[in-house]
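# Summary of structural features
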Amino acid sequence: MKVTVFGIGYVGLVQAAVLAEVGHDVLCVDVDENKITNLKKGVIPIYEPGLTTLVKQNYAAGRLNFTIDAKAGVEHGIMQFISVGTPPNQDGSADLKYVTAVARTIAQYMNIYKVVLDKSTVPVGTADKVRAIMQETLQERSSQLTFDVVSNPEFLKEGAAVADCMRPERIVLGTDNEEVINLLRELYEPFNRNHDRIILMDIRSAEMTKYAANCMLATKISFMNEISNLSEILGADAEKVRQGIGSDSRIGYAFIYPGCGYGGSCFPKDIQALIHTANQIGYQPKLLQAVEEVNYRQKDKLPKFIYRHFGDNLHGKMFALWGLSFKPNTNDMREASSRVLMEALWQAGAKIQAYDPEAMNETQRIYSHRDDLLLMCTKEAALDGADALVICTEWQNFRAPDFDIIKAALKQPVIFDGRNLYDPKRLANRGFIYYGIGRGASLAIAQ
C-alpha cells in the first residue's frame, strides 16, 4: 500500500520505517528541511535501538522516502498518518496546532478519497475537530471528495519502539465507518498473522484508550514511589516490598520499581492533558492529580538526600552523575529526573561531571556550555575527584560496575542511587554510604 506519514519524530519515523520494512511504499513528510536532508544521508535524529539500520535499508530499497513537499505527500498515499507532536500548553492542555495544520493540508491537496489515521496522542474529540477542519477546507474548494478519520493510537516504549511496532501487543482502531475496516486490515495484515491483534472500537474510545494506558502506567509508578516513601520512614525496604507484591499475578512486576520519578514525552504530558480535559467538563480527577503530585515530589528525592548528607551549601562540591536520559536506550531528556537534580545542585553551588551512553549531545544542546557541567567520555572518568556518585538512569552498563574503582576515584565513598541498582548491605560491607529509594531498613544497616 502507498502510505504517507506526516511528522518524523519518535512515533512517525519508527512507524514509517516498520511499515516500509514489511513492504509498504512509505513517504515521510516533515517541515524541517535539515532533518529531511540528514535522513536521506542516513543521519537519524533520535537514538532508538535498531532504527538506524531499518531506515537506511528501506531508504536504499526505495520503500522509504522523505520530503518537505506536503502536496507530494498528500498525493502519494491513500493512507495518511498524522504523527506530529502535541506539546503541552501552559495550562497542561495538548497543543493541537500541528495536528490541525496537517488536517488542513490533506484537505487542501487531496484529489481522491483518503483515510486519515491519527497516530498522535490527542484529547478525546480531536477526530471530530480534524473531520470538521477537513470538511471546511473541502467546502472552500467546492469539492465533493470524501475521506475517513481513524483514531489509531501508538503504544510504543522509547528504547524498544522498533520491537513494539514490529510485534505489537494490540492495534487499536477507532472508526465510525465499517467500510474502511478492510483497508485498515490490509495495512496491518503483516503484523496480524500470528493472531488477531486488531481491536476495533468507536473513535472516542480509541482516543481515550491511549490516555488511559499511559495514565495507568504512571499511576503504578507513583503508587510504588508513595510506598517507597512510607517504607523509608517506617524502616522497610521498598525493593523487598516490590518483590512481595509483584509476585501477585494481579499486580505483576512491570512499572512498580521505586525510583526518582518518571519523565519522557508521554507520561507527564498525558497526565496533564487528561487532567485538563477532566477540568473542562467539570470533573475533578483526584487520582490523576495525586499521580502527578507524587511524581513531582519524587524528583526532589535525590537532591534532598544530598542536602541531608552534605548540607545545603554545595559550593566547592563536585558530583559524578551517571545517566542523563529519562530512561535507558534513548537520548530523550524531556522531563528527565536528571534535569531536576542538576539544576538543584547548580543552584546550591555544586559542579557536575556527567556521563550517559547516548544523551551527551542532547545535554549539550539543552544546557550549552556551562562551567559547572563537564560531560565525560566514560562513566569512570566522571568519577575522578568527585565528592559522591549520583545515579539517575538505569543503563545496563551501570548495573555491575567495579566498586573498587568507584571507591578509589571518589573523595568520599558515597552513592546516591535513584534507581536502586545496588545491594545496600553489600556496599556497606565495602565501606560505602549508600542512599537508595525507599530502602529504610537497608539504609539503617548500611550506615
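Residues numbered from 1 in each chain as written. Predicted model: local features only at pLDDT ≥ 70, side-chain atom pairs only at ≥ 80, totals over all residues. Heavy atoms only, no water.

Relative to the assigned elements, His276 resides in helix H11 (residues 267-280). Since its relative accessible area comes to 16%, His276 is described here as buried. When neighbours within four sequence positions are excluded, His276 is seen to be in contact with Asp91, Gly92 and Ser93. (Helix = DSSP H or I, 4+ residues; strand = E, 2+ residues; numbered from the N terminus. Buried < 20%, exposed > 50% of the residue type's maximum accessible area, 1.4 Å probe, protein only. Contact = heavy atoms within 4.5 Å.)

So, about the pairing of strand E10 (residues 351-355). Counting buried positions along E10 yields 4 of 5 residues, so the element is predominantly enclosed. For strand E9 (residues 318-322) and E10, the ladder comprises 5 bridges, and the chain directions are parallel. If you follow Met318 over to E10, its bridge partner there is Lys351. After leaving E9, the chain enters helix H14 (residues 337-347) and then returns to the sheet as E10, a path that is right-handed. With 3 bridges connecting them, E10 and strand E11 (residues 373-375) associate as parallel partners. The partner of Gln353 across the bridge, within E11, is Leu374. For the crossover from E10 across helix H15 (residues 360-367) to E11, the handedness is right-handed. (Pairing = 2+ DSSP bridges. Right-handed = clockwise from strand over helix to strand, strands pointing away.)

What follows covers the pattern of salt bridges. Tallied over the full model, the rule gives 26 salt bridges. Lys35 is the salt-bridge partner of Asp30, the closest N and O atoms lying 3.6 Å from each other. Asp30 gets classed as buried once you look at its relative accessible area, which sits at 9%. Salt bridges linked by common partners bring Asp128, Arg131, Asp176 and Arg204 together as one network. (Salt bridge = Lys/Arg side-chain N within 4 Å of Asp/Glu carboxyl O.)

To continue, consider helix H5 (residues 97-109). Residues that lie three or four places apart on an α-helix share one face, since the helix turns once every 3.6 residues. Its 13 residues give H5 an end-to-end C-alpha distance of 19 Å, which sits within 8% of 18 Å, the value for a rise of 1.5 Å per residue. For H5, every residue scored as buried is listed here: Val99, Thr100, Val102, Ala103, Thr105, Ile106 and Ala107. Each element contacted by the buried residues of H5 is listed here: strand E1 (2-6), helix H4 (70-76), strand E4 (79-82), strand E5 (114-118) and helix H6 (126-140). (Expected span 1.5 Å × (residues − 1).)

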